[in-house]
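# Architecture at a glance
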Amino acid sequence: MICHIEVYGCQMNVHDGEILSGILKAAGHTVVRNAKIAEAVFVVTCAVREHAETRALGRITHLAGIPKKKPIMVLCGCVAQEHGEKLLKKIKLLDFVIGPDVYHLIPELLQERRRLSVTDQGAEDYEQVKAVREQFPRSYVTVMRGCDNFCTYCIVPYVRGRERSRPSELILKEVEKLVEAGYGEITLLGQNVNSYTHNGMNFPKLLEKVSTVAGDRCRVRFVTSNPRDLTAELASVMASRENICNQFHLPAQSGNDRVLKAMRRGYTRNGYIEKIAMLKELMPDIVISTDMIAGFPGETLEEFEDTVSLMKEVRYDYAFLFRYSEREGTAALNISPPVPVKERLRRLSILQDLQAKITLEKSREIIGREMTVLVTGPARRAGQMASRTMGNRLIILESLDFTPGELVPVRIVKADGYTHFGEPVSV
Ligand code: SAH
Ligand code: SF4
Ligand code: F3S
């Protein structure tokens with residue numbers, strides 16, 4: 001069967017899309033980018049915010065109409081896990097609704113003549129699957145799945161199930177193969193990588209081992225970490241290993257202690273600031289990013305101002321900013337009073353304006369600096385190649401004379417926040 005996969009949501013979903021692709025290929029199906037010729041369409045959905053969900057469901061209707069004959073429509077991912085059977089009943093276009101832990105059943109299900117929803121959780125970690133990676137020279141490696149933190153606004157623990165860590169031997173073997181195949185970057189994946197634990201091995205120790213196996217031709221990153229679990233041990237492993245990227249995504253969510261407590265985040269503003277200080281001291285050129293939520297239920301104007309001041313104090317390189325979105329079944333739904341949606345949007349736009357300014361300033365700070373970039377592939381504009389710094393900044397090279405995977409020393413000559421331009425220098 002000719003299959004088309006479309007993915008929404010976080011890196012875990014992106015990698016699940018690669019796993020799904022591997023499962024389909026192993027069963028003899030062909031995976032294509034062109035939806036027009038597809039006989040089966042898979043939409044891997046995200047449920048973390050309302051608009052993510054609405055958009056994915058909109059795509060179902062759109063995609064179903066693209067090929068001449070209506071394709072088999074399969075809803076996968078977190079929305080599938082959340083609503084299962086209910087969606088199958090509601091959306092007649094759907095043939096299958098499949099949760100994130102049962103993709104291995106898909107080849108079998110495709111032969112079924114009845115519509116089905118399957119959302120069993122936790123039993124399968126896809127150890128037997130060879131993922132089809134789409135982003136050479138960059139690659140994802142799962143270290144853990146699920147989340148046990150139950151932050152009060154978040155649906156992830158419900159749709160992704162309980163935390164489970166992969167055996168380190170399997171992770172290291174996967175890394176070894178990727179290095180042999182010439183991959184230049186590995187991102188270790190988990191909703192909360194710092195909770196990694198397997199046979200007495202914690203995340204810092206795993207990271208150190210991965211870094212050793214990756215060697216000097218391959219960079220290592222990881223997402224995501226809850227600030228509560230960021231330890232001095234992790235920071236020192238990062239600082240001591242050259243191939244571990246000086247980059248940290250450390251979502252604060254709020255700058256106010258009362259709100260952080262209501263979110264059940266498990267750290268305070270000061271505790272958070274101390275951890276940032278530790279990272280900056282050990283790695284002065286570290287690139288730091290965050291997620292923030294505007295208008296969490298009960299957030300007063302004063303409390304919101306604490307988020308503004310935290311952003312000014314830390315001066316994040318990048319920030320992913322969201323307005324609070326109600327999620328069914330989460331504890332925050334019962335916190336009152338809710339902040340009116342209009343006010344959430346107003347607060348969000350204040351954060352966005354502030355961050356745009358800081359991102360621009362921080363990106364201009366690196367003009368004139370020299371750094372080694374990893375060439376990742378053609379840029380959007382013709383005649384240019386894209387590359388990434390250790391800090392994961394996007395650097396455009398104005399020539400096609402580079403191959404993906406190549407490491408190139410460059411000087412930064414221009415910067416406008418998200419995009420920078422680099423000129424090769426000789427060393
Ligand atoms: N595991 C990651 C977060 C995954 S969800 C972590 O803990 O850092 C990605 C981001 O979506 C979160 O950091 C949060 O900022 C945002 N988010 C999650 N639930 C949300 C909700 N109900 N409304 C608005 N934003 C939300
Ligand atoms: Fe959601 Fe919190 Fe788990 Fe992150 S750590 S996925 S925000 S519950
Ligand atoms: Fe979204 Fe699921 Fe990731 S809800 S953020 S795709 S784990």
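Residues numbered from 1 in each chain as written. Chains lettered and ligands numbered in written order. Predicted model: local features only at pLDDT ≥ 70, side-chain atom pairs only at ≥ 80, totals over all residues. Heavy atoms only, no water.

### Focus on the site of ligand 3
To keep things clear, this is the line we draw: Whether a residue is near a molecule or strand depends on its heavy atoms: if one lies within 4 Å, it is near. The residue classification treats Ala, Val, Leu, Ile, Met, Phe, Trp, Tyr, Cys and Pro as nonpolar and Asp, Glu, Lys and Arg as charged. All others, Gly included, are polar.
Within the structure, ligand 3 sits among C10, N13, C46, A47, V48, C78, R160 and Q191. Its residues placed into classes, the shell around ligand 3 shows five nonpolar, two polar and one charged.

### Overview of the side chain of R164
Applied cut-off: Numbering goes from the N terminus for both helices and strands, where a helix is a DSSP run of H or I of at least four residues and a strand is a run of E of at least two. In this scheme, a residue with accessible area under 20% of its type's maximum is buried, one over 50% is exposed, and one in between is partly exposed, where area comes from a 1.4 Å probe on protein chains only. As used in this structure description, the phrase polar contact means that two N or O atoms lie within 3.5 Å; if the pair is within protein, one of them must be able to donate a hydrogen and the other to accept it, and residues adjacent in sequence are counted only when both atoms belong to side chains. Contacts are residue-level and defined by heavy atoms, with any inter-residue pair within 4.5 Å sufficient.
By the secondary structure assignment, R164 is in strand β9 (residues 164-165). According to the relative accessible area criterion, R164 is buried, its value standing at 15%. For R164, the side chain forms a polar contact with the side chain of D125, separated by 3.3 Å. A polar atom in the side chain of R164 sits 2.6 Å from the backbone oxygen of R162. If near-sequence neighbours (up to four positions away) are discounted, R164 is found in contact with D101, G122, D125, V143, M144, R145 and G146.

### Examining the sheet that holds strand β2 (residues 30-32)
Test applied: When DSSP finds two or more bridges between two strands, those strands count as paired. The axes used here are C-alpha line fits, helices contributing only the stretch in contact, and every angle between their N-to-C directions lies in the interval 0 to 180 degrees.
Pairing is parallel in the open sheet, where six strands are placed in the order β2-β1-β3-β4-β5-β6. Edge positions in the open sheet fall to β2 and β6 (116-118), since each of these has one partner strand only. For this sheet, the mean angle separating the axes of adjacent strands, direction not counted, is 20°. Bridge count between strand β1 (residues 2-7) and strand β3 (residues 40-45): five bridges; the pairing is parallel. Counterpart to H4 in the pairing with β3 is V41. Contacts from helix α1 (residues 11-26) reach β1, β2, β3 and β4 (72-76) within the one sheet, and its direction differs from that of β1 by about 170°.

### Concerning the sheet that holds strand β15 (residues 287-294)
Spatial ordering of the open sheet is given by β14-β15-β16, a layout of three strands whose pairing is parallel. Every other strand in the sheet has two partners, leaving β14 (247-249) and β16 (318-323) as the edge strands with one partner each. Taking each pair of neighbouring strands and ignoring which way they run, the sheet shows an average axis angle of 10°. In the packing of helix α12 (residues 341-364) onto the sheet, contacts are made with β15 and β16, and the angle to β16 comes to roughly 175°.

### Some points on the domain arrangement of the protein chain
It is common to report an interface's size as the accessible area lost on association of the parts. For clarity, the threshold we go by: Note that domain bounds follow an automatic or database assignment of domains.
When cut into domains, the protein chain gives domain 1 (2-118), domain 2 (138-364) and domain 3 (370-424). Taking only C-alpha atoms into account, the centre of domain 1 sits 34 Å from that of domain 3.

### Overview of the environment of A252
Relative to the helices and strands, A252 resides in the loop between β14 and α9 (257-263). Among residues more than four places away in sequence, those in contact with A252 are L260, Y267, Y272, T290, D291, M292, L310 and Y316.

### A closer look at the pairing of strand β18 (residues 385-388)
A two-sided burial pattern is seen for β18, the buried positions comprising M385 and S387 on one face and A386 and R388 on the other. Bridging between strand β17 (residues 370-378) and β18 involves four bridges; their strand directions are antiparallel. Looking at β18, one finds that L374 is bridged to R388. A loop of six residues connects β17 with β18, the two strands running antiparallel in sequence, and G383 in this loop sits at a positive phi of about 85°. The pairing of β18 with strand β19 (residues 394-397) spans four bridges and is antiparallel. Each bridged residue has a counterpart across the sheet, and for M385 the counterpart in β19 is L397. Between β18 and the antiparallel strand that follows it, β19, lie five residues; N392 among them carries a positive phi value of about 75°.

### Here we look at the side chain of H15
Here H15 is to be found in helix α1. Contact partners of H15, with chain neighbours within four places excluded, come to A131, R133, Y140, T142 and L189.

### Remarks on helix α8 (residues 232-240)
The line we're drawing: This arc describes the spread of directions from the helix axis toward the C-beta atoms.
All of the buried residues in α8 are L234, A235, V237 and M238. One face of α8 carries all of its buried residues, which in axial projection span an arc of 160°. Against the buried residues of α8 lie α7 (203-214), β13 (219-223), β14 and α10 (269-282).

### With respect to unusual backbone geometry
Each neighbour pair has its own omega, and for V223 with T224 the value is -10°, a cis peptide bond. For T224, the location among the structural elements is in the loop between β13 and α8. Phi at N199 takes a positive value of approximately 45°, unusual for a residue other than glycine. Along the chain, N199 falls in the loop between β11 (197-198) and β12 (201-202). Residue classification places N199 among the exposed residues on the basis of a relative accessible area of 72%. One non-glycine residue, R315, lies in the positive phi region at around 55°. Judged by relative accessible area, R315 falls into the partly exposed class, the value being 28%.

### Regarding empty space enclosed by the protein
Condition: Definitions used throughout: a 1 Å grid over protein atoms alone; a cavity as a set of points that fits a 1.4 Å probe which cannot get out; a pocket as an open set with protein on both sides within 12 Å along at least five of seven lines; a lining residue as one with an atom within 4 Å of a point. Grid points are joined across faces, edges and corners, and a volume is the space filled by probe spheres set on the points.
Under the defined criterion, the tally for this structure stands at one cavity of 30 Å³ or more. Considering only enclosed or pocket space, the largest cavity measures out at about 80 Å³ in volume. Forming the boundary of the largest cavity are M12, H15, D16, D101, T142, M144, R145, G146, R160, R164 and L189. If you list the elements that add at least two residues to the lining of the largest cavity, you get α1 and β8 (144-145). For the lining of the largest cavity, the leading source of residues is α1, giving three residues. Of the residues in the lining of the largest cavity, the class split is three nonpolar, three polar and five charged.

### As for the environment of E305
Mapped onto the fold, E305 is located in helix α11 (residues 301-314). Residue classification places E305 among the partly exposed residues on the basis of a relative accessible area of 43%. Once the C-alpha coordinates of E305 and N270 are considered, the two residues, 35 residues apart in sequence, prove to be 15 Å apart.

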